[in-house]
Each structure stands twice: as structure tokens, then as C-alpha cells.
Amino acid sequence: MLSTITKYNYVLFLLLMVGSLSFTSCGGSKPVVVEPVVDDRPTWVKSRPMTNAYYIGIGISSKHRPENDHAQNAKNNALNDLASEISVHINSNSFLLSLEREYKFEEEYKSNIKATINQNLEGYEIVDTWENDEEYWVYYRLSKTKYAEDKQKKKDDAMRLAVDLYGKAETAKSNNDISGAFSFYFKSLMSIKEHWNEVNEVDYNGGKIFIDNEIYSNMQNLLREMQLVPDKKTIVLDQNSNYQSDLSIRATLKGQNVKQLPLKAQYLTKSGTFEKTVLTDGNGLVSFHIANINTKMSQKDMVVSVDFSKLIGADAEQGIVKPIIASFTAAERHIPIKIKLPAVYVESEEQNLNEATGNTKLGDVVKSEFTKNGYVITEDRKKADLIVKVKANTRKGNDANNFHVAYLDMSIAIYNAKSNAIILKETKNDVKGVQLTYAKAGDEAYKKAVSEVRRKVMPSMMRSLQ
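Let's talk about unusual backbone geometry
The phi dihedral of N402 falls on the positive side, at around 70°, and the residue is not glycine. Here N402 shows up in the loop between strand 18 (386-400) and strand 19 (403-416). Of note in the backbone geometry, D430 takes a positive phi value of approximately 60° without being a glycine. Looking at the secondary structure, you find D430 in strand 20 (residues 422-435).

What about the sheet that holds strand 1 (residues 54-62)?
Read from one edge of the open sheet, three strands run 1-3-2, paired in antiparallel fashion. Where the open sheet ends on each side, the last strands, each with one partner, are strand 1 and strand 2 (125-131). Strand-to-strand twist in this sheet, taken as the mean axis angle between neighbours without regard to direction, amounts to 15°. Bridge count for strand 2 against strand 3 (residues 135-143) is six bridges, and the pairing is antiparallel. Within strand 3, the residue paired with E131 across the bridge is Y136. Running at roughly 145° to strand 1, helix 3 (residues 70-84) makes contact with strand 1 and strand 3 of the sheet. Relative to strand 3, helix 6 (residues 144-174) is tilted by about 60°, and along the sheet it contacts strand 1 and strand 3.

Details of the nonpolar core
Judged by nonpolar contacts, the single largest core of 105 residues is most densely connected at W196, I211, M302 and F370. Not counting residues up to four positions away in its chain, the partners in contact with M302 are I235, L247, A265, Q266, Y267, F288, I290, R333, H334, I335 and I337. Core analysis: the next-biggest nonpolar cluster, separate from the first, contains seven residues, V45, I56, W130 and W137 among them.

Here's the deal with the packing of aromatic side chains
Counting across every chain of the model gives 14 aromatic pairs. Seen from their ring centres, Y166 and Y204 are 4.9 Å apart, and the 85° between their planes marks the pair as edge-to-face. One end of the pair, Y166, is in helix 6; the other, Y204, is in strand 4 (residues 201-204), with 38 residues separating them in the sequence. Aromatic rings pair up to connect F95, F182, W196, Y216, F308 and F328 into one cluster. Geometry around Y54 places R141 over its ring, the cationic atom sitting 4.1 Å from the centre.

Thresholds, definitions, all that
Position labels on residues start from 1 in each chain and follow its written sequence. Predicted model: local features are reported for residues with pLDDT of at least 70 only, side-chain atom pairs are reported and counted for 80 or more only, and whole-chain, interface and lining totals are derived from all residues. Side-chain numbers come from the whole structure's heavy atoms, not from hydrogens or water. Strands are runs of DSSP state E lasting at least 2 residues, helices are runs of H or I lasting at least 4, and numbering of each runs from the N terminus. Think of it this way: DSSP has to see at least two bridges between two strands before they count as a pair. Between the N-to-C directions of two axes lies an angle of 0 to 180 degrees, each axis being a line fitted to C-alpha atoms and, for a helix, fitted only over the stretch in contact. A contact between two residues is defined here by any heavy atoms of the two lying within 4.5 Å. We define the nonpolar core as a collection of buried residues of types Ala, Val, Leu, Ile, Met, Phe, Trp, Tyr and Cys that are connected through side-chain atoms lying within 4.5 Å of one another. Throughout, exposure labels follow a simple rule: accessible area from a 1.4 Å probe, protein chains only, divided by the maximum for the residue type, with under 20% read as buried, over 50% as exposed, and the rest as partly exposed. Here a Phe, Tyr or Trp ring, Trp counted by its six-membered ring, pairs with any other such ring whose centre lies within 6.5 Å, and the pair is stacked when the planes are under 30 degrees apart, edge-to-face when over 60, and tilted otherwise. Cation placement over rings: the criterion is NZ of Lys or CZ of Arg within 6 Å of the ring centroid and within 35° of the ring normal.

Right, here's the structure in full:
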């Protein structure tokens, strides 16, 4: 056996042999040289370049993408990376900040502008590419000086357009074309949306104005001074009008009629919310038809307001537009809709085996159901709009084993009180009652009829009347 020292020396010998740069096999083979690993990646792949002169964009893509578009994908990633370096600063005196204080949409605005930068990015140049078996890399850059120059040129062009549109808005306003003025103001404001975060002072009519703030203020004033005047304070719907009516609204500004203004009407119907937009005519008038109202609701409102979506145009970018629209204080009218249900007079003739019952059980149920649905019950026939006639009688059926059967036949008819024309009629026959006597069997049939009228007959008639 080897001693401990001998074992140690043997192990040391093996380690030295393995760690040597070359070794000789027992067969006397030539020495094998182990080459060091060489990192041939370019410097910009190993470490992101740092420079004050350029915006940098580096993109990478796997070569194993199923679409086989790794070069294009890497380019897209690089340009997105480059665009992310272009920050959006908010000036403390900008139009955007004045809105942000109240409506909190700075992040949404920044996101929108970032998307615009990505879409409109130009002037960049490719610096280098690199690839191996697995990945494809590309390096783009954009001169900060060139970007600033191009941005200023675009801003100058946008400001000239904004001033031109602003002038058209002012001309339209002086001609009392309020709808046209608002449209031009809005187009002017949107033409410089990429610069809302900056101070935008321009020359106009020999003076200086902060154009975005001026546009917004003028739009607010137009809406604030506008009035919507309905031809009636309350819309009353009743049976005589078949629960329908028309409403006219006049739009005015400082006493002048506003033409071609999109006004939107909204109110609840049986099937949901009715919504319609109509342009005012040359006299500033618009008319809406009210129908299909749920008569169970005693009172509700019809709301008439300026339809901003039609006024500003369907091509507006809703993400940015929403906070602006929300900030407007526009003319809006709430016109109450009052449902005037008919006064109802109920007469009931109820017999049991051709004898008066001395009560009006069925008639009382009819009154209760009309009242529950908002109708007014009157005891004066002359004041009634509707006459309801209830007729009921029982007749004998068979008897067996000391039990007697009675059948009840009834009808409920509704008439127009003025014309006496029948509006609606329901009949129910053979309502069965069983008791020890025919009279008591008749009473039992009445109990069942009362339940039938409450659960089925009257709800069906109420639906038909509405």
C-alpha cells in the first residue's frame, strides 16, 4: 500500500499533468494546443455606446423566428429603442400643463406623442450590423442637431397652418357661422398637438398671441355664450296624443340664430336609450319627435346638447380629444317629460248564480292594478278618460258525493270615455269552484278568478295599453 505522502505526490502529479498546456499520450501522439476563446463581437454589441451628439438605437432579433424576418424585426426594435431616447418635456407655461392640472392626461399625451415620433421618425442612419448563428444585431443613430432642426422646421410649418386656420375661424365667427368657426378652431388646435407641451407664441394681426391657449379660450367662450331654447318647458304625453309629441329647440348666440349646429337628443324609451343628432336649420331650429316612452315611469328628462363628435369631425384622435371635450362647458338643456296617464272609472257587475254578490272583488283588483301602474282612479264618470266594465257571473256544474261544482265566466272591457269605442277586452270562462253548496262553490270560483286577474289578465292588459 502507498503511504499518505506517496498518495499525495501521486495526486499532485496527476493535477500537474492535466493542467499543463500539452501532454503526451502513451502512444507518443503530437502535442494538442488548447486555443483561448476569442470574443469577436463589436464594441457596440458588448456595451451600449455613449454619446451626446446622437440618439442611439440598437436592435436584436433571433434568427429562428418562424417569419424569417429577423433583419426587419431587428430594425424595428432598433428604431423603437432610438425613439425611446427622445424625451417629451412639459413646459410649465404650456397649454398642455393648463389642461393637465385639472384633467390629468399628461401620460396619455406623452404616449400619443411617442407613438407619433415612432411613426414619423426620419433622418436616421445605419452604423453597423453584426450576426452569428443565433442572433442578428443592427445599430442606428440620429443626429441630435439634425433632429432639432427638422423638428423646428415642422413646428414652423405647423404654426403657419394653425395661424391660417385660426384666421378662418375668426372670419367664420364674424359671419355668425358658429359651427364653422368651432370646426376651424379645433382643426387649428389639432394641427399643433405635437407642440402642446411647449410655449407657442405667434404673430397675429400685428400682435403676439399664445395660439393654443387663445384657440381654446375662444372655443370655450363660444360654447359658454350659446343658448338652447325649447318651445315648451315640459313635454306632456297623454292618451290623446298616443303618448307622442314633438319638441323644437332654437340655438342662439348673443341673440343670433346658430345654423348648422349638430344637436343631440337623448331620452329613455321602452327599448333603451333613444339618441339622435340633427343639424339646426337656417333659423337655428331643430325638431325632435318623442315616442315609444315607457309610461310606467311617471317623469323623466329629454337631454339636448351639442354633439361634439359631429362638430369636430369623425377623424379626430379620440385619445387626445376626450380630455378637451370633457373640459368644455357647453349649452345643455334638460326638458322634463311628464307622462299623464288617463283617469279611469271602473264599474263592476258581479253575480253569483245570477244573484248580486254585494261586493266587487274583481273590480277592486282591477282598480288596484291600474293604480299600481300609475293611473288615476276617479269615482266621477264624467272626469274619466277610460271606462272599465267588469262583468262576472257563476253557473251550476255537476255534483257528486255531496260536492258541488260552479263555473265562473267573466269579461273586462276598456272603453274610450269620449267616443265609447272599445279599446281592449279580455274574457275568462270556466273558472272552476268546488264546495259543499253551489253558492259556496261560486265563492270559491271568485277567489280563483281574483288570483287569475291579478297574476295574468291585468298584467297582459297593462302591457297592451302602454
